Amino acid sequence: MCNRLFGLNAFPVDVEVSMGRGKPQFEIVGLPDASVRESRERIRSALASLSIALPARQITVNLAPADVKKVGTMHDLAILLGILVCMERIPPQPENRCFLGEVSLSGHVRSISGVLPMALLAAQSGIRELFVPEENAAEASAVGIPIYGVHCLSNLLTHLEDTARPILRQQPTYVPQPEDYQDTLDFADVKGQQNAKYALEIAAAGGHNALMIGSPGSGKSMLAKRIPSILPEMTAAESMETTQIYSIAGLLDSGKPLMTKRPFRAPHHTISGAGLVGGGTIPRPGEISLAHNGLLFLDELAEFDHRTLEIMRQPLEDRRVTITRASGTVSYPCSFMLVGAMNPCPCGYYGHPKRQCTCTDRQVRQYLNRISGPLLDRIDIHVQDVGQDIPAFTEITEDALFEKVRQIFSYSLHNETISRFRRMMTIEQFRSPELAALYSRRYVGRVLDYHAGIFRALIAAGEICSEDPDTLAMLYVAPVVTLLGVCDRQPEREAECLERLRKHVGLFFRMVHGKTPESGGDDGTAR
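The paragraphs below set out a description of the structure included in this document. Numbers given to residues run from 1 along each chain, matching the order in which its sequence is written. Local features are withheld for residues below a pLDDT of 70 in this predicted model, meaning they are given only at 70 or higher, and side-chain atom pairs are given and counted only at 80 or more; totals for whole chains, interfaces and linings count all residues. The side-chain quantities take in all heavy atoms of the structure and omit both hydrogens and water.

### Regarding the state of the cysteines
- When two cysteine sulfur atoms lie within 2.5 Å, the pair is treated as a disulfide. Going through the model one piece at a time under the given rule, you end up with zero disulfides.
- Here C359 is not disulfide-linked; the sulfur of C347 is the nearest cysteine sulfur, at 3.6 Å.

In structure tokens form, the structure reads like this:
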């Protein structure tokens, strides 16, 4: 007996061998594919390596059930042993024994894919002894039935012939070692990036999907690669389920046959739809299934093919992908945490405090629109401006805060494009929420985001009570916009405006350190 695999679904295959008079030939029936039919030559050569010649008789091998297509090389070992039983070279084998493995021309037994799902089926079917390739023995030992690893045919035949003194030893059950759980990349190693780390910690705690937007080199990929280290450890059921998928894909490490760490998959943006969700004549698991119970990281999200990304919409909802082909239908689990990373614009420096963006507004909109609304709706947490961190409150000095705002103020004031746009806007336009957001982000510079970031952190720390950090930020940024307007009309007043800007920054600094404008400052400034 052997097993056959179709997706995650395995079913038993009985190998029946008939040897009779007639024209010498070796036929395999029962809907075999090319790899199964080619086993005739592998078996013939393997027996020759043992100095055993096939008899000049008509040999017929039937793989039952005959109405289901047989695929793969895992039937080789069972077919060879069935022939040897008919030749009376070995005794008949009991029905509670199962044999899996590919036979090489030299008589060795090669490893195969999908051993774990087939071993689970064998245990459920009442199999008492399972013989598998030596490289797959540790993987199969997790199911809890006696497993024997076979290195070569000579050892197996000796074991089966002399039951009193068996040659093969039972494979001990694989037990993961403590080092198998260790992660090489630790989230605790990240310095700074407080806003991004806080958002990703929330995403990891709740299993939320997240999208990071930031300029090149800001640390998006570095953060994503360390997220698995803060995810909870896999349960036994999750480990077994994930291991089955990797076993089917042939990606298991023979030294660590059981998945103990949550998988991290990061496919290139040129991946096809079949590579992402799975496919093929016999559907194989794609990247979303290989990331099951782990993390799928899509770097340069906007560069992925639009249709490829849209394929993920249903699997993200159902946590399972169903692939239908002419050969049948396969369902693979795909419960994963999706983390995307992308630049804010084609050049990557939109809104950067030091580098000027060279993209037009239309180019920025077209770039961001590559990610559809329904897909964005499935991403719960959006982290903007990764890498442009707000310093800790205790590290902020009034001079450093003023220097930061002054640089942004001067850039916004003297940049010709920004000044032209500012002069074109009317008061009514500025009061429009959409235009105000565009103006504050692109043409006032980083002042609003800098203030809003500090307000968000203060709210998260419980220092102030508010649910709208953006409105608070706009309140404190409004005088900056006013001063820009004054300098536009009267350039000679720039020095005066900078002095007023310093006083405004002083008010904000005292607010950050616990003295709000309502309570007044130490110098008696207006409430």
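### So, the packing of helix α4 (residues 115-124) against helix α9 (residues 236-249)
- Interhelical geometry of α4 versus α9 gives an angle of 120° and a closest axis separation of 7 Å. Relative to α9, the element α4 lies oblique. Taking contact as the criterion, the partners of V115, L116, P117 and L120 in α4 are, on α9, M240, T243, Q244, S247 and I248.
- Each residue is assigned to one of three groups, with Ala, Val, Leu, Ile, Met, Phe, Trp, Tyr, Cys and Pro labelled nonpolar, Asp, Glu, Lys and Arg labelled charged, and all others, Gly among them, labelled polar. Of the residues in the contact of α4 with α9, the class split is six nonpolar, three polar and no charged. Only the stretch in contact is used when a helix axis is fitted, and all axes are lines through C-alpha atoms; the angle between N-to-C directions ranges over 0 to 180 degrees. Every helix listed is a DSSP run of H or I at least four residues long, and every strand listed is a run of E at least two residues long, numbered separately from the N terminus. The cut-offs work like this: below 35 degrees is roughly parallel, past 145 is roughly antiparallel, 65 to 115 is roughly perpendicular, and the gaps in between are oblique. The contact definition used throughout considers only heavy atoms, calling two residues in contact when any of these lie within 4.5 Å.

### Notes on the environment of L483
- The residue L483 is located in helix α21 (residues 469-489) in this model.
- Each C-alpha atom, one on L483 and one on L501, is 7.7 Å from the other, the two residues being 18 residues apart in sequence.

### Some words on the environment of T322
- Mapping T322 onto the fold places it in strand β15 (residues 320-325).
- With a relative accessible area of 48%, T322 lands in the partly exposed category.
- Each C-alpha atom of the pair T322 and P283 lies 9.6 Å from the other, and the pair is 39 residues apart in sequence.
- The residues touching T322, leaving out its near neighbours within four places in the chain, are T329, V330 and S331.
- At 3.0 Å, the side chain of T322 and the side chain of S331 are in polar contact. When accessible area is computed with a 1.4 Å probe and restricted to protein chains, residues below 20% of their type maximum are described as buried, those above 50% as exposed, and intermediate ones as partly exposed. For this analysis, a polar contact is any N or O atom pair within 3.5 Å, provided that within protein one partner can donate a hydrogen and the other can accept it, and provided that sequence-adjacent residues contribute only side-chain to side-chain pairs.

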